[in-house]
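Here is how the chains run, residue by residue.
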Amino acid sequence: MDAFTVIIVIVGILFGLGAGYFFRKYLAEAKIKSAEEEAAKIIQEANEKARSLKKEKILEAKEEVFKLKNEFDREAKERRSEVQRLERRLLQKEENLDKKTSQLEKKEDEIKKQEQEILQIQEKLEDLHKQQLAMLEKISGMSADEAKDILLSRVRDEIQHEIAQMIKDVESQAKEEAEKRAREIVTQAIQRCAADHVSESTVSVVNLPNDEMKGRIIGREGRNIRTLETLTGIDLIIDDTPEAVILSGFDPIRREVARIALEKLIIDGRIHPARIEEMVEKARHEVDVQIREEGEQAAFEVGVHGLHPELVRMLGRLKFRTSYGQNVLKHSVEVAHLAGIMAAELSLDVKMAKRAGLLHDIGKALDHETEGPHVVNGAELAKKYRESPEIVNAIAAHHGDIEPQTLVAVLIQAADAVSAARPGARRETLEAYIKRLEKLEDIADSFDGVEKSYAIQAGREIRIMVKPDKIDDLTAAQVAREIVKKIEQELEYPGQIKVTVIRETRAVEYAR
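Every value quoted in this text rests on a predicted model; they were computed, and no experiment measured them.

Definitions and cut-offs
Residues numbered from 1 in each chain as written. Predicted model: local features only at pLDDT ≥ 70, side-chain atom pairs only at ≥ 80, totals over all residues. Heavy atoms only, no water. Patch = residues over 30% accessible without salt bridge, like charges linked within 9 Å, V, L, I, M, F, W, Y side chains within 5 Å. Areas by Shrake-Rupley, 256 points an atom, 1.4 Å probe, with all protein chains shown as cover. Salt bridge = Lys/Arg side-chain N within 4 Å of Asp/Glu carboxyl O. Lys, Arg positive; Asp, Glu negative; His and termini not counted. Charge placed at Lys NZ, Arg CZ, Asp CG, Glu CD. Helix = DSSP H or I, 4+ residues; strand = E, 2+ residues; numbered from the N terminus. Buried < 20%, exposed > 50% of the residue type's maximum accessible area, 1.4 Å probe, protein only. Polar contact = N/O pair within 3.5 Å; in protein donor to acceptor, adjacent residues only side chain to side chain. Contact = heavy atoms within 4.5 Å. Axes fitted to C-alpha atoms, helices over the stretch in contact; angles between N-to-C directions. Parallel < 35°, antiparallel > 145°, perpendicular 65-115°, else oblique. Left-handed = near helix turned anticlockwise from the far one by under 90°. Nonpolar A, V, L, I, M, F, W, Y, C, P; charged D, E, K, R; others polar. Pairing = 2+ DSSP bridges. Expected span 1.5 Å × (residues − 1).

Undergrad: Can you lay out a negative patch on the surface for me, pointing to particular residues and giving the numbers?
TA: Residues Glu36, Glu37, Glu38, Glu45 and Glu48 make up a contiguous surface patch of negative charge. Examined against the element boundaries, Glu36 turns out to sit in helix H1 (residues 3-140).

Undergrad: So what's going on with the side chain of Arg355? Residues and values would help.
TA: Within the secondary structure layout, Arg355 lies in helix H9 (residues 350-359). A relative accessible area of 17% means that Arg355 is categorised as buried. A distance of 2.7 Å separates a polar atom in the side chain of Arg355 from a polar atom in the side chain of Glu387. Discounting chain neighbours no more than four positions away, the residues touching Arg355 are Val304, His305, Gly306, Leu307, Glu387 and Ile391.

Undergrad: Before we move on, could you go through the packing of helix H6 (residues 273-302) against helix H8 (residues 328-345) and cite the residues and values that matter?
TA: With their axes 10 Å apart at the nearest point, H6 and H8 run at an angle of 20 degrees to one another. By the angle between their directions, the pair H6 and H8 is classed as roughly parallel. Pair H6 / H8 crosses with right-handed handedness. Note on element contacts: H8 touches H6 through Leu329, Val333, Ala336 and His337, opposite Glu294, Ala298, Glu301 and Val302. Taken together, the residues of the contact of H6 with H8 sort by class into 5 nonpolar, 1 polar and 2 charged.

Undergrad: Run through helix H10 (residues 374-384), naming residues and quoting values.
TA: By the burial criterion, the buried members of H10 are His374, Val375, Asn377, Gly378, Ala379, Leu381 and Ala382. In this structure, the buried side of H10 is in contact with helix H7 (309-317) and helix H11 (389-397). Positive backbone phi, at 65 degrees, marks Arg386, one or two positions downstream of H10.

Undergrad: Before we move on, could you go through the pairing of strand S7 (residues 461-466) and cite the residues and values that matter?
TA: The pairing of strand S6 (residues 450-456) with S7 spans 6 bridges and is classified as antiparallel. Looking at the pairing, Ala455 lines up with Ile462 of S7. Sheet topology note: the S7/strand S8 (residues 498-502) ladder contains 5 bridges and is parallel. Bridging across to S8, Glu461 finds its partner in Lys498.

Undergrad: Tell me about the pattern of salt bridges, and please be specific about residues and values.
TA: Overall, the coordinates contain 17 salt bridges when judged by the stated rule. Two residues, Arg270 and Asp268, come together in a salt bridge whose shortest N-O distance is 3.0 Å. A salt bridge links Lys282 to Glu278, with the shortest nitrogen-to-oxygen separation between them at 3.6 Å. Here Lys282 pairs with Glu278, and both are found in helix H6, just 4 residues apart, close to one helical turn. Among the charged side chains, a network of salt bridges with common partners joins Asp268, Arg270, Arg275, Glu278 and Lys282.

Undergrad: Before we move on, can you summarise H6 with the specific residues and values?
TA: Taking 1.5 Å of rise per residue, 30 residues should cover 44 Å, and H6 covers 43 Å from first to last C-alpha, within 8% of that figure. Taken together, the buried positions of H6 are occupied by Arg275, Ile276, Met279, Val280, Ala283, Val287, Ile291, Gly295, Ala298, Ala299 and Val302. Buried residues along H6 sit in contact with helix H4 (223-232), helix H5 (252-268), H7, H8 and H9. Just downstream of H6, Gly303 is the residue with a positive phi angle, here 90 degrees.

Written out as structure tokens, the structure reads:
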């Protein structure tokens, strides 16, 4: 291609670009002008709409203002009428108050006049009273104070006589009703509850297959018997009793451990210190298991659930405790049954009564090293293992050390006394028995007017003969109550004691 042609092409291209530029510029200006005209038209329409909306809103606002003004006028009118009505009522009340005030003033004036008249009448009456007293003193020959003392003395004697008579009547009626109901409840409880009474002792006997076993038990130079006594804390008595060894000790649990260990050694045949130590440890484990099973069995028998495991174990230990020869666990189970039956008769909480009866002597399961009475220890033990306050109070109050706070606590007292008082349930030494009877008679003889007293029915009743010239029928009841109070304060006894005061007058003549 030659240079001329290239120039022509370049010129053509430049011409095309220039033409295109001027054409696009023209079109753009035409579009801009059209858009400006359209925008002006839209702005004009918008202004017209805004003016129309403004007029409408102004009209609506004027209507709303007119409406609110009418409502305000109406409410203001109603308020003005209400205020006027209240003003009229206040005026009426003020008028009524003024009337009442004037009436009260008149009444006060009348009352003052009446008071003055009353004072005058009182002065006249006092003068007349003084004149009458002077006349009466002159006629009777004694002063008013002397006459008052005589009247008070007579009234006092009459009142004391009437009070004694009323007390006697009320007590007799209450006793008849209460004894009848109590007798029914206690009788039903005793009839429905049957418990074994086991008389425990401080010795146990282990039977031997032959007398040669005694020598093996003693061992060379007595080493076997010393080892067994040291490990168990029980004395072994080997005497001339044929085919028997006696275990002596006051701790029944240790005695039971020694008995089981000795029986195992006899069966095993290998008796030497190492074997004795092994068997004593096994026996202790068996006794612990037996204690737990006895506690669980007692709780199951009574129907008490949810006891703390430590309380169950303490119950099992009661199996090996005795009180006056009565097994404490059997006694606790019997008290639980009796309390439950009586609670059912009285529509009380049977479960709580049984629980309190089963745990009432739990303090006796503690070791002898523990100080304090079993009542306090038992209450602290129950409180420690989160028994309810009612159960704790029943345990602490079952011997009367504190006041019972619930009817269940009173039932535990009664059930404990019934269980302890059953024939054959408990035993005591002859010396203590005689001392208790003598103390009972001494308490009765210490009262003025008592001629002679006799303790009968193994100390369950005391009959007191009084002098009829010193004690009348009404005073006899008072003497009986005072003797009962003194017995409760000074004497310890199982169950209850009946106090009978007898007064009689005899006329004796001889025909010759």
